[in-house]
Amino acid sequence: MDSPDYSRLPEQVAERVGELRALIEYHDERYHGADSPEIPDVDYDALMIELRGLERDHPQLVTPDSPTQRMYRAGQSTFDEVAHRVPMRSLDNAFNVDELRAWSDRVLRRLTSERKDDAGGAPKVTWVCELKFDGLAVSVRYEAGVLVQAATRGDGRFGEDVTANVRTIDSVPERLGDGAPSVVEVRGEVYLGLSAFTTLNAAQEAVGAKVYVNPRNTAAGSLRQKDAAVTATRDLSFWAYQLGEVVGGLKPTSHLQTLGWLADLGLPVDNHVASFESFDDVVTHIDAVEASRHDLDFEIDGVVVKVDDLATQEILGFTARAPRWAIAYKLPPEERSTLLLDIEVSIGPGGQATPFARLEPVFVGGSTVTAATLHNADQVAIKDVRPGDVVVVRKAGDVIPEVLGPVLSERPENLAPWAFPTTCPACNEPLIRSEGEAATFCGNHACPRQVRGRIEHFVSRGAMDIEGFGEQRVDLFVCEGLLEDVAGVFDLDYGRIISWEGFGDTSVDKLRRAVEASRGRPLGRLLFGLRIPHVGTTVADLLATAFGHLDLLELATIEELEAVEGLGPVIAASVHDWLRQPRNIDLLGRLRSAGVNLEGPTLNSGEELASLLAGMAVVVTGTLVGMSRDEAKAAIVARGGKSPASVSSKTTALVAGEGGGSKRLKAEELGIPILDEVGFGRLLEQGEFLN
Ligand code: IVH
C-alpha cells in the first residue's frame, strides 16, 4: 500500500494519523475479535509502519492509546475474562536483515551501557532462533501439575477463558510430568497443521460448504468456538515456547534450558531451535529456514530471535508492547492484496470449466502472480469476489495461487456481482452443471480448447513423451487444422509444416523422429495418454501389465477389470465404458493403424528394472532425439547393462542415432544388431529388441 507524502501539511498529517488509527483498530478487531482478518498481514504491517513513521516525525501526535503504544484492545467477548498475572506481550518485527541487525546492535549497545562491572570489550550474547508459528498465542496454566486454565492473549493483560477448548487439543497434556512446580504458565501457539487443514477443507468441499481461508484463521476460529465439542473436531495442535508465571520448582537460567524443561514436563516443543554466538550465523540460519519453510506440516510466518540468557533478558526489559530481548524476523508474505481485473473461465482437457482471476501483478510467495484459481462456481459465489474488487491472493510454495476473498472495506460502490458464463468461452456451446456436482463442464468433445488439452496431455512427458511438441506447437497445429485428435499426431502433414516460417528442415526432421520414437512407448504410457477418466499413471501401468495387450484389454469384462489388484469398481466401470464409446473405438483403430505399440507389460518395479539388461553390452553412437548420449548410457547402466565405448564381438547391440559413422560400419562388419531410437525405446522398456 503506498502512502502519500504528508510531511508538509500538519493538519493532513493529523488527519492521516487518525485515519490510520481507525483502520488499525478496525483490522485489529477483524483479526483478534472476529478471527476473520480482511487484509493480509503485510498490509496491516504497512499501516503500522506508516503510523509509526508519522508519529516519529511528529512526536506531538503520539497519544498513549495509539496502537503503536499499546496492545490490541479487546471488544465484547462471549468468553469469561482471565487476568494474565504476567502480561502476554507481542513481538516487534524486523522485515529485512538490516532491521534485524539494527535490533542486535541496539541490544548490544544497551547491554554495554547497562553494564555494572568495568569489564571491557563487547558484551557476549547467545542468540536463540525459533520458528515463528502462525497460529494464536495461548497461555496454559498448570497447578500442581494439572491443567487448570487456558486463556488467549487478548489485550495482553486480560484474555479470554478458553480452557474447555484447549482441553480438546491432544498435544496439550492434562497433567505434567515429574518435577512440575506448584504453578507454571506455559505460553505457546495453538495452530492447525497443514494436513489437518487440507482434510478439513476436503470435507467442506465435499458438502459444497465454504472452504476455510488459511490455517491460522481457522485455528483461531476453531479455538474460540463457544461449543468445545466443535473445537474437538478440528485437530488443533500446540507448540510451547515461553513461560509465564512460575511458582516454586526449578528456575531455568537460560531460554534453551526453559525449552528443555518444558519438553521434560511433557509439553510439545518444536525441535527447530538453534542457538548461535555470532549474529552472522543467525542470518544464515534464517535463510535456511526460509528455504525449507514448506517442508513443515505447519505454517510459519517468521523466525523469532531471542537473547538466551534470562538475566540478560531482565536487563533488557520491555517496551509497552514487546520485549527488547526478542524480535520476530518476518519471512516474505504468502498472502497479499491486489486488484481483481477480471474473472475468466478456462476449459480443461476434460471440458471442466474453472473460473480464475486475472490480477494486477503482485509479488507473493516468491513470484509475480497475474492469475489465480477460484476453483468452481460455488466458491466464487460464496466468496462473492467481483471484478474491480481488491482481493487477497495466497501463494504458498509450489501451490497454485488462489484468491481467498475480497477486501470488502475497499469495495467500490455499485460493483456488480459476477455471474458464471452460460456458454463455453472457447466454442460457445452451453456449459453444463449436473445436479449435485461442484464442477461445470463444456460438453462439446470437439471444443478446440479440449482438443488442444487432450493432445497436450498425450504428447507430454508422463505419456507419449514427444520431444519438441510443446503447447505452442499443439496450438498451431490445431489452429491450422493439421490435428484434430491424438491419433493425428502420427499422421502430421510434414510437407505443410516445413513450408511455415520458423520450421526448417532440421526442426521438422527432429519432430518427425521424435514422433516416430514415441510409437514404441509401452502400453501403460499410451493408456495414460488417452485421458480415460480415473486412469492415472499407476492404473495405466496396472492395466497394461494385467492384460498385456490393448486387444485383450478391449475384450475385458467389468468383472475381469475389477479383478485386477488395485482397481476398484469405479475405475473398472470407467475403463469399460470408455473402451465402448464409438468415438474411442474409432480413435483406437486409428492409433492401431498408425503402428503405435499396443503391447504391455510395462516395468514399474525397481527390482525388475535393475536387471532388465543384465549381461548385455549396448554401445551408443550418434545423436539421439529423445535423450543425450550420456542419458542413453545411464539408462542402460540403470537397467543392469554395460555401455562400452566401442563395438566389439561381445557387443549385444549398437544404438545408432544421427551421424554414427565408424561404429555403425564396425557393427555391420561384425553382424551386430543396429537399433534405431524406436528399437532402443523398446529395449529400455522391455529388455528385448527385434532383430
Ligand atoms: S515469544 C514475550 N516465540 O508471535 C514474547 N512468540 O508476533 C512472547 N509466536 O504473540 C512471544 N511463534 O503469538 C514467541 N517461537 C515463538 C513464537 C511466537 C509464534 C507468536 C506469538 C506472539 C506473536 C508476536
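Look a little higher up for the structure.
*Asks:* Sorry if this is basic, but what is going on with the sheet that holds strand β4 (residues 136-143) here?
*Replies:* Taken in spatial order, the four strands of this open sheet run β5-β4-β7-β8, and their pairing is antiparallel. Of all the strands in the sheet, the pair left with one neighbour each is β5 (146-152) and β8 (236-247). Strand-to-strand, the axes of this sheet are offset by a mean angle of 25°, without reference to chain direction. Two elements, β4 and strand β7 (residues 183-192), share eight bridges in a ladder whose sense is antiparallel. For V140, the partnering residue across the bridge sits in β7 and is V186. Relative to β7, helix α6 (residues 215-223) is tilted by about 130°, and along the sheet it contacts β4, β5, β7 and β8. Of the strands in this sheet, β7 and β8 touch helix α8 (residues 255-264), which is tilted by about 115° from β8.

*Asks:* Can you walk me through empty space enclosed by the protein in this structure?
*Replies:* Rolled over the atoms, a probe with the dimensions of a water molecule shows which regions are left empty. Overall, the coordinates contain two cavities of 30 Å³ or more when judged by the stated rule. Considering only enclosed or pocket space, the largest cavity measures out at about 70 Å³ in volume. Lining the largest cavity are V82, A83, H84, R85, S139, R141, Q149, A150, A151 and E185. Breaking the lining of the largest cavity down by element, the ones donating at least two residues are β1 (81-83), β4 and β5. The biggest single contributor to the lining of the largest cavity is β5, with three residues. Its residues assigned to classes, the lining of the largest cavity shows four nonpolar, three polar and three charged. What the second largest cavity holds in volume is close to 50 Å³. Along its surface, the second largest cavity is lined by E130, L131, F133, A240, Y241, L259, V269, D270 and V273.

*Asks:* Teacher, can you tell me more about the pattern of salt bridges here?
*Replies:* Two side chains carrying opposite charge are able to pair once their charged atoms lie near each other. All chains considered together, the criterion is met by 35 salt bridges. Across the salt bridge formed by E335 and R394, the nearest N and O atoms sit 2.5 Å from each other. Note that E335 is positioned in strand β12 (residues 335-347) and R394 in strand β15 (residues 390-394), a separation of 59 residues in sequence. With a shortest N-O distance of 2.7 Å, D389 and R411 are connected by a salt bridge. With D389 in the loop between α11 (377-383) and β15 and R411 in the loop between β16 (402-406) and β17 (431-432), the pair connects residues that are 22 residues apart, well separated along the chain. As far as burial versus exposure is concerned, D389 and R411 are alike and both buried.

*Asks:* Before we go on, may I ask you to explain the sheet that holds strand β20 (residues 653-656) in this structure?
*Replies:* One key point about sheets: their strands pair by backbone hydrogen bonds, in either a parallel or an antiparallel sense. Taken in spatial order, the three strands make up an open sheet running β19-β20-β21, and their pairing is parallel. Across the chains shown, the open sheet's two edge strands, defined by having one partner strand only, are β19 (618-621) and β21 (674-675). Alignment of β19 against β20, held across four bridges, turns out to be parallel. Bridging across to β20, V620 finds its partner in V655. Along the sheet face, helix α24 (residues 661-670) touches β19, β20 and β21 and points at about 150° away from the line of β20.

*Asks:* Just checking my understanding: could you explain the nonpolar core for this structure?
*Replies:* What tends to happen in soluble globular proteins is that the nonpolar side chains get buried as a cluster. Ranked by size, the top nonpolar core spans 56 residues in total, and within it F458, F469, F477, V489, L530, L543 and L591 carry the most contacts. If you look at the next biggest cluster of nonpolar residues, it comprises 34 residues, including A94, C129, A274 and V305.

*Asks:* Would you mind showing me how to read the pairing of β7 here?
*Replies:* Here is the key point about a regular strand: its side chains alternate between the two faces of the sheet. Most of β7 sits out of view: 10 of its 10 residues are buried. In this sheet, β8 lies alongside β7 in antiparallel orientation, the contact comprising nine bridges. Residue pairing in the sheet places V190 in a bridge with F238 of β8.

*Asks:* Got a minute to help me understand the packing of helix α12 (residues 448-459) against helix α13 (residues 471-479) in this structure?
*Replies:* Each pair of packed helices can be described by the angle between their axes along with the distance between the axes. Where α12 meets α13, the axes come as close as 10 Å, and the angle between the chain directions of the two elements is 135°. It follows from the interaxial angle that α12 and α13 lie oblique. In the crossing of α12 with α13, the sense of the turn from one axis to the other is right-handed. When α12 is examined against α13, the residues R449, V451, R452, I455, E456 and V459 are found in contact with a partner set consisting of E471, V474, D475, V478 and C479. Of the residues that constitute the contact of α12 with α13, the class distribution is six nonpolar, no polar and five charged.

*Asks:* Is there a simple way to explain the site of the ligand in this structure?
*Replies:* Taken together, 16 residues lie around the ligand, and E130, L131, R153, E189 and K306 are the ones closest in. With respect to the ligand, the side chain of E130 contributes an N or O atom lying 2.7 Å from a nitrogen atom. Calculation on the ligand without its partners gives an accessible area of 530 Å², and the protein chains cover 90% of this total. A per-element tally of the shell around the ligand places strand β3 (residues 127-133) first, with four residues.

*Asks:* Can you help me understand helix α25 (residues 677-686) in this one?
*Replies:* In an α-helix, one turn spans 3.6 residues; hence positions three or four apart end up facing the same way. Here α25 lies mainly inside the structure; eight of its 10 residues are buried. Among the residues of α25, those classed as buried are E677, G679, F680, G681, R682, L683, L684 and Q686. If you follow the buried residues of α25, they end up packed against α15 (505-518), β19, α23 (629-638), β20 and β21. Following α25 by one or two positions, G687 adopts a phi angle in the positive range, close to 75°.

*Asks:* Help me out: how do you make sense of the pairing of β15 in this one?
*Replies:* Counting buried positions along β15 gives five out of five residues, so the element sits mostly inside the fold. Here β15 shows a buried face lined by V390, V392 and R394 and a second buried face lined by V391 and V393. Alignment of β12 against β15, held across five bridges, turns out to be antiparallel. Within β15, the residue paired with R336 across the bridge is V393. Two elements, β15 and β16, share four bridges in a ladder whose sense is antiparallel. Directly across from R394, in β16, lies its bridge partner E402.

*Asks:* For this particular structure, what's the right way to read unusual backbone geometry?
*Replies:* Its identity is not glycine, yet D465 carries a phi of approximately 50°, on the positive side. In this structure, D465 sits in the loop between α12 and α13. Not every positive phi belongs to a glycine, and R531 is a case in point at roughly 55°. With respect to the secondary-structure elements, R531 resides in the loop between α16 (523-529) and α17 (537-547).

*Asks:* So what exactly am I meant to see when it comes to the side chain of R394 here?
*Replies:* For R394, a relative accessible area of 9% gives the class buried. A polar contact of 2.4 Å, which involves the side chain of R394, links it to the side chain of E299. One polar contact links R394 to E335, side chain to side chain, over a distance of 2.5 Å.

Definitions and limits used
Residues numbered from 1 in each chain as written. Predicted model: local features only at pLDDT ≥ 70, side-chain atom pairs only at ≥ 80, totals over all residues. Heavy atoms only, no water. Pairing = 2+ DSSP bridges. Helix = DSSP H or I, 4+ residues; strand = E, 2+ residues; numbered from the N terminus. Axes fitted to C-alpha atoms, helices over the stretch in contact; angles between N-to-C directions. Contact = heavy atoms within 4.5 Å. 1 Å grid on protein atoms, 1.4 Å probe; cavity = no way out; pocket = protein on both sides within 12 Å on 5 of 7 lines; lining within 4 Å. Points joined across faces, edges and corners; volume = space filled by probe spheres on them. Nonpolar A, V, L, I, M, F, W, Y, C, P; charged D, E, K, R; others polar. Salt bridge = Lys/Arg side-chain N within 4 Å of Asp/Glu carboxyl O. Buried < 20%, exposed > 50% of the residue type's maximum accessible area, 1.4 Å probe, protein only. Core = buried A, V, L, I, M, F, W, Y, C linked by side-chain atoms within 4.5 Å. Parallel < 35°, antiparallel > 145°, perpendicular 65-115°, else oblique. Left-handed = near helix turned anticlockwise from the far one by under 90°. Near = heavy atom within 4 Å. Polar contact = N/O pair within 3.5 Å; in protein donor to acceptor, adjacent residues only side chain to side chain. Areas by Shrake-Rupley, 256 points an atom, 1.4 Å probe, with all protein chains shown as cover.

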